[in-house]
Number of protein chains: 2
Amino acid sequence: MAGTTLTTPTLADKLQAAKDASVTLATANADLKNRGLLAIAAAVRAGTARILPANELDLANGRGSGLSAGLQDRLRLDADRLEALAQAVEQIVGLVDPVGETVRGSILPNGVKITQVRVPFGVVGAIYEARPNVTIDIAALALKSGNAAVLRGGSAAENTNRVLVEILQEALVSAGLPGDAVQTIDEFGREGARELMQARGLVDVLIPRGSAELIQTVVRESKVPVIETGDGVVHVFLDESAPLDWAVDIVRNAKVQRPSVCNALETLLVHRAAAPRLLPAVLGALRESGVTLHADDDTRALFPDSVPATDDDWRAEYYSLDLAVALVDSLDEAIDHIRRYSTHHTESIVTNDLQNAERFLNEVDSAVVMANASTRFTDGGEFGFGAEVGISTQKLHARGPMGLPELTSTKWIVRGSGQVRA
Amino acid sequence: MAGTTLTTPTLADKLQAAKDASVTLATANADLKNRGLLAIAAAVRAGTARILPANELDLANGRGSGLSAGLQDRLRLDADRLEALAQAVEQIVGLVDPVGETVRGSILPNGVKITQVRVPFGVVGAIYEARPNVTIDIAALALKSGNAAVLRGGSAAENTNRVLVEILQEALVSAGLPGDAVQTIDEFGREGARELMQARGLVDVLIPRGSAELIQTVVRESKVPVIETGDGVVHVFLDESAPLDWAVDIVRNAKVQRPSVCNALETLLVHRAAAPRLLPAVLGALRESGVTLHADDDTRALFPDSVPATDDDWRAEYYSLDLAVALVDSLDEAIDHIRRYSTHHTESIVTNDLQNAERFLNEVDSAVVMANASTRFTDGGEFGFGAEVGISTQKLHARGPMGLPELTSTKWIVRGSGQVRA
């Protein structure tokens, strides 16, 4: 077949095609990118009859290979979920294009003008598992921020993702954009994922989303710069002065409203002096909601039918209606506990003491630190970002909920009139 | 010796001590950090008699082991160089403390106030070679930005760095700051460098400075997030409309003023239609300065005694009075050449054509893009940053000259009054 265009592309071919497409995307204006987004939304709706059979095939394979019920649920698409995805893409149309924003600038003493402006990364890689909605989300966010996207969605969703990427590429071409701006590399399997992680120079940033194991593998093996998105051992500390109603509301909301997500509460710390005043109402409300308490001895003295906590409980990301509870003697002890066990995602203090609130906000070293609010607010949508790439738990480049600006780099533009350096 | 404090610390002990010290530094205000910087400057001056013998020992070892003359020069300290280092530290006192700066913020519809503020990374690691001045520079920049520093300066400067770190630690303690905020791990050798690169969680960012080989090793092996600082295949393009005087001044300055540094010109591209008008004066001036031209055939037709260029010349970082020269037919061809061979450090166009200037600035994907200015301006000092950590050639977190803000991360501070998520 040499000499024809039907040769199957290698992974290197696909990365190079994405890189080439990124050059066009980098200078596409917001109007053009928004036309692409609207075409994607329309294509997802129009493509329902193509997408669902492919998804059904993946689901059947998953049932055959013993995929867990939870993963099957994340894998499953239906007409309602596709409509929600299309609407999410349309919402991205309304977000401000981050490309071209002036970050800072000045005129040097010699008259040279320097300006730091936002530019796309170029090629964004994503590695995730069994969540075909991420295929659409990342492709749309990458497009709006002027990036090409290379997607490794995992073998469990391979048929779904292949059809979704076909539909995405058709939509891009129909809007006058390069179809190669979205690529799947699922067909290259695990070896393809490894090759993607080595592609420094072709891929500018790699974002893993999924299990802690997946994320740690990417962090360990990737030579492409990684943004680590992570799970949370999230803490709430009820200070001595915590208002009772805030304590009850915030703890219940943080634990119960959606226990399976990374910003849900996992460990509750309570000031010993306030325990008799707060715990009956706070823990009573949790029990009404079906929460199992894993408590230290001091808490069990007050609530004897709690499960005794072990050291493992302070490190647990339950993602379920379980909660570790400990009494502490002071704010210092609470901060020490958090420093020891937190994954630095989100921590909140409930207090009416201004000094303690400020100390907690300053001294706790997490992506998001809160006073008197539910940890469930750590979310791109809640923060007003409109869409979220993930929640970064590293300190380099992005920290906390990532929106469109976090999918950009910067460059310096220097305008002179013949100046040279003395 | 169990039970005493005289046990030799392991590398893990040192990293943990740096991490603990970083907690104190993170909340130190600018006054305290500036007192530390002034104490460091005074200690460097007062310590000259301790530093120079250690440096002499390293130099003697270097001569014995065949260290190149260039590396010996970088390794050598004397009274003047120490005074210059002390003055550089004093200049950092005058820079704005980046910690606490509000990056963005808003009040959510439910009244929750969110603010993104700059915070120190925590622990900054640096791996470099035979340049003891970097020990002082990085320690001072890390202190001002509230970070602890773990330094691997290489075996060639081991004695010098050990004394410098002792002096730094004494100065920190004298100012009421934790001495453990600066650590050297030179005594652990190559194995120590490897362990530092694995210390994700204890070290927040790793900055390699030095040879391309050193930097690539760190990029390849580190699990700690890396900021790649890099060499430059730097281009100047003389467009058809380039004013002659600007062309002569900028090319000569970019190539000749300091050829051994990363922002020096390496490849000159010239629009074919302007070559007869520009080249005699531009290349004549370079020859007067002793520059050897490695030219393509078209240029050699005009300047027959140039060295014929090979493909290697387009990739060359000469760091010497050598220059690759090629004629191109158009702006597009110039941009294509740059896309193919550039290391994305700095590129400049000399032109009087507004459209071409804007296209070059928008389409060339380098850390710094210029119109009508010398590439030698890519420098933290020239940009007004006061001091420079290095020049980042990656796109994640920092790009181009890095100042104090690039040594910080951010965190989100959320202030509520009992709000929960609906």
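The structure presented is a predicted model; accordingly, all values stated were derived computationally and were not measured.

Caption draft 1: Main features of the overall build of chain A. Each helix and strand counted, chain A has 15 helices and 16 strands in total. For chain A, whose C-alpha radius of gyration is 24 Å, the value lies close to the compact-globule estimate of 22 Å for 422 residues. Going through the 422 residues of chain A one by one, you find that 57% of them count as buried. Within chain A, contacts between residues at least 6 apart in sequence are counted, and of these 72% link residues at least 24 apart. Roughly 15900 Å² of accessible area belongs to chain A as shown, and the carbon and sulfur atoms make up 51% of that amount. Treating the 40 positive side-chain charges of chain A as one cloud and the 55 negative ones as another, the clouds have centres 6 Å apart.

Caption draft 2: Molecular detail of the relation of the copies chain A and chain B. Once turned by 180° and shifted 0.0 Å along the axis, chain A lies on chain B with an RMSD of 0.1 Å. In symmetry terms, the pair is related by a two-fold rotation axis. Taking C-alpha positions as reference, the residue of chain A nearest the rotation axis is His397 of chain A, located at 1.9 Å.

Caption draft 3: The sheet that holds strand E7 (residues 234-238) of chain B, seen in detail. Strand order in the open sheet formed by 10 strands is E1(A)-E2(A)-E16(A)-E13(B)-E12(B)-E7(B)-E8(B)-E11(B)-E9(B)-E10(B), with mixed pairing between adjacent strands. The open sheet has two free edges, formed respectively by strand E1 (102-107) of chain A together with strand E10 (307-308) of chain B, since each of these has just one partner strand. Strand direction decides the pairing type here: strand E9 (residues 292-295) of chain B and E10 of chain B, joined by two bridges, are parallel. Residue pairing in the sheet places Ala295 of chain B in a bridge with Pro308 of chain B of E10 of chain B. Along the sheet, helix H10 (residues 244-256) of chain B makes contact with strand E16 (408-419) of chain A together with E7, strand E8 (265-271), strand E11 (322-328), strand E12 (346-350) and strand E13 (368-373) of chain B, crossing E8 of chain B at roughly 160°. Along the sheet, helix H11 (residues 275-288) of chain B contacts E7, E8, E9 and E11 of chain B; its crossing angle with E8 of chain B, the most-contacted strand, is approximately 160°.

Caption draft 4: Structural detail: the interface of chain A and chain B. Counting from both sides, the interface comprises 70 residues of chain A and, opposite them, 70 residues of chain B. With both sides pooled, the region where chain A packs onto chain B buries about 5900 Å², and carbon together with sulfur makes up 54% of that total. Taken as a group, Leu396, Trp412 and Arg421 of chain A account for 15% of the area that chain A buries against chain B, more than any other trio of residues on that side. Counting the contacts that link chain A with chain B gives 12 salt bridges. With a closest N to O distance of 2.4 Å, Arg104 of chain A and Glu406 of chain B form a salt bridge. Summed over the shared surface of chain A and chain B, the number is 45 residue pairs in polar contact (both at pLDDT 80 or more). Put simply, the parts of the chain that give the side of chain A that touches chain B at least two residues each are strand E2 (113-120), helix H9 (212-221), helix H10 (244-256), helix H15 (354-363), strand E13 (368-373), strand E15 (400-402) and E16 of chain A. Considered class by class, the residues forming the side of chain A that touches chain B number 32 nonpolar, 19 polar and 19 charged. By the bridge criterion, five bridges tie E13 of chain A to strand E16 (residues 408-419) of chain B in an arrangement that is parallel.

Caption draft 5: How the structure looks around the UniProt feature "domain: Aldehyde dehydrogenase" (unreviewed entry) in chain A. In the numbering used here, UniProt assigns the feature "domain: Aldehyde dehydrogenase" (unreviewed entry) to residues 79-298 of chain A. From the first C-alpha to the last, residues 79-298 of chain A spans 51 Å; its make-up is 43% helix and 21% strand.

Caption draft 6: View of the nonpolar core. Formed by 108 residues in total, the largest nonpolar core has its most connected members in Ile40 and Leu151 of chain A together with Ile40, Leu151 and Leu177 of chain B. Among residues more than four places away in sequence, those in contact with Ile40 of chain A are Val89, Leu143, Leu168, Ala171 and Leu172 of chain A.

Caption draft 7: Region of the structure containing the packing of helix H2 (residues 30-46) of chain B against helix H6 (residues 132-144) of chain B. All names here are of chain B. Direction vectors running N to C along H2 and H6 enclose 165°, while the axes themselves pass 9 Å from each other. Viewed along their axes, H2 and H6 adopt a mutual orientation that is roughly antiparallel. Considering only the axes of H2 and H6, their crossing is right-handed. Here H2 contributes Lys33, Asn34, Gly36, Leu37, Ile40 and Val44 to the contact with H6, which in turn contributes Ile136, Ala140, Leu143 and Lys144.

Caption draft 8: Local environment of the packing of aromatic side chains. Counted by the stated rule, this structure contains six aromatic pairs over all chains. A ring pair is formed by Trp412 of chain A and Phe383 of chain B, whose centres lie 5.1 Å apart and whose planes are at 65°; its orientation type is edge-to-face. Here Phe383 of chain B lies in the loop between E13 and strand E14 (390-392) and Trp412 of chain A lies in strand E16, a pairing that spans two chains. Phe383 of chain B shares its class with Trp412 of chain A; the two are buried. With a centroid separation of 5.9 Å and 90° between ring planes, the pair formed by Phe383 of chain B and Phe385 of chain B is classed as edge-to-face. For Phe383 of chain B, a relative accessible area of 4% translates into the label buried. Each member of the aromatic cluster is reached from another via a ring pair, and the members are Phe383 and Phe385 of chain A together with Trp412 of chain B.

Caption draft 9: Looking closely at H2 of chain B. Residue and element names in this part refer to chain B. Here H2 contains 17 residues, and its C-alpha end-to-end distance of 24 Å stays within 8% of the 24 Å for a straight helix at 1.5 Å per residue. Of the residues making up H2, those classed as buried are Leu32, Lys33, Asn34, Gly36, Leu37, Ala39, Ile40, Ala41, Ala43 and Val44. The secondary structure elements touched by the buried residues of H2 are helix H3 (48-64), helix H5 (79-93), H6 and helix H7 (158-174). At the N-terminal end of H2, a side-chain oxygen is found 3.3 Å from the backbone nitrogen of Asp31, two or three residues along, and the residue is Asn29.

Caption draft 10: Up close: the pattern of salt bridges. Evaluation of the coordinates by the stated rule reveals 56 salt bridges over all chains. Among the ionic pairs, Arg118 of chain A bridges to Glu101 of chain A, the shortest N-O distance being 3.0 Å. Of this pair, Arg118 of chain A sits in strand E2 while Glu101 of chain A sits in the loop between helix H5 (79-93) and E1, placing them 17 residues apart in sequence. A relative accessible area of 18% places Arg118 of chain A in the buried class. Take Glu101 of chain A: its relative accessible area is 39%, and that puts it in the partly exposed class. In this structure, Glu90 of chain B and Arg45 of chain B form a salt bridge, with 2.8 Å as the shortest nitrogen-oxygen distance. Placement of Glu90 of chain B in helix H5 and of Arg45 of chain B in helix H2 is noted, with a sequence separation of 45 residues between them. Taken together, the salt bridges that share partners define one network made up of Asp204 of chain A together with Asp365, Lys395 and Arg399 of chain B.

Caption draft 11: Looking closely at the domain arrangement of chain A. Taken domain by domain, chain A consists of domain 1 (11-99 + 115-228) and domain 2 (234-377). Computed from C-alpha atoms alone, the centre-to-centre distance between domain 1 of chain A and domain 2 of chain A is 37 Å.

Caption draft 12: Region of interest: the side chain of Asp296 of chain A. Residues and elements named next belong to chain A. Checked against the element boundaries, Asp296 lands in the loop between strand E9 (292-295) and helix H12 (297-302). No salt bridge is formed by the buried Asp296; the nearest opposite charge belongs to Arg272, separated by 6.0 Å. Within polar-contact distance, the side chain of Asp296 engages the backbone nitrogen of Leu327 at 3.0 Å. In contact with Asp296, not counting residues within four places along its chain, are Ala309, Trp314, Val325, Ala326 and Leu327.

Caption draft 13: Layout of unusual backbone geometry. Backbone geometry places Asn372 of chain A, a non-glycine residue, at a positive phi of 65°. When you line up the elements, Asn372 of chain A lands in strand E13. Overall, the relative accessible area of 8% leaves Asn372 of chain A in the buried class. Its identity as a non-glycine residue notwithstanding, Tyr319 of chain B has a phi of 55°, on the positive side. Tracing the backbone through its elements, the reader meets Tyr319 of chain B in the loop between helix H13 (311-314) and E11.

Caption draft 14: Focus on the side chain of Ser392 of chain B. All names here are of chain B. Following the sequence through the fold, Ser392 ends up in strand E14. Here Ser392 falls in the buried class, since its relative accessible area comes to 0%. In terms of polar contacts, Ser392 uses its side chain to reach the backbone carbonyl oxygen of Ala398, at 2.5 Å. Residues contacting Ser392, with those up to four places away along its chain left out, are Ile227, Glu228, Thr229, Ala367, Ala398, Arg399, Gly400 and Met402.

Cut-off values and rules
- Residues numbered from 1 in each chain as written.
- Chains lettered and ligands numbered in written order.
- Predicted model: local features only at pLDDT ≥ 70, side-chain atom pairs only at ≥ 80, totals over all residues.
- Heavy atoms only, no water.
- Helix = DSSP H or I, 4+ residues; strand = E, 2+ residues; numbered from the N terminus.
- Rg over C-alpha atoms; globule rule 2.2 N^0.38 Å.
- Buried < 20%, exposed > 50% of the residue type's maximum accessible area, 1.4 Å probe, protein only.
- Contact = heavy atoms within 4.5 Å.
- Areas by Shrake-Rupley, 256 points an atom, 1.4 Å probe, with all protein chains shown as cover.
- Lys, Arg positive; Asp, Glu negative; His and termini not counted.
- Charge placed at Lys NZ, Arg CZ, Asp CG, Glu CD.
- Least-squares fit on C-alpha atoms with pLDDT ≥ 70 in both.
- Pairing = 2+ DSSP bridges.
- Axes fitted to C-alpha atoms, helices over the stretch in contact; angles between N-to-C directions.
- Buried area = accessible area lost by both parts, 1.4 Å probe.
- Salt bridge = Lys/Arg side-chain N within 4 Å of Asp/Glu carboxyl O.
- Polar contact = N/O pair within 3.5 Å; in protein donor to acceptor, adjacent residues only side chain to side chain.
- Nonpolar A, V, L, I, M, F, W, Y, C, P; charged D, E, K, R; others polar.
- UniProt positions renumbered as here; feature names shortened; annotations may be inferred.
- Core = buried A, V, L, I, M, F, W, Y, C linked by side-chain atoms within 4.5 Å.
- Parallel < 35°, antiparallel > 145°, perpendicular 65-115°, else oblique.
- Left-handed = near helix turned anticlockwise from the far one by under 90°.
- Phe/Tyr/Trp six-rings, centres within 6.5 Å; stacked < 30°, edge-to-face > 60°.
- Expected span 1.5 Å × (residues − 1).
- Domains from an automatic or database assignment.

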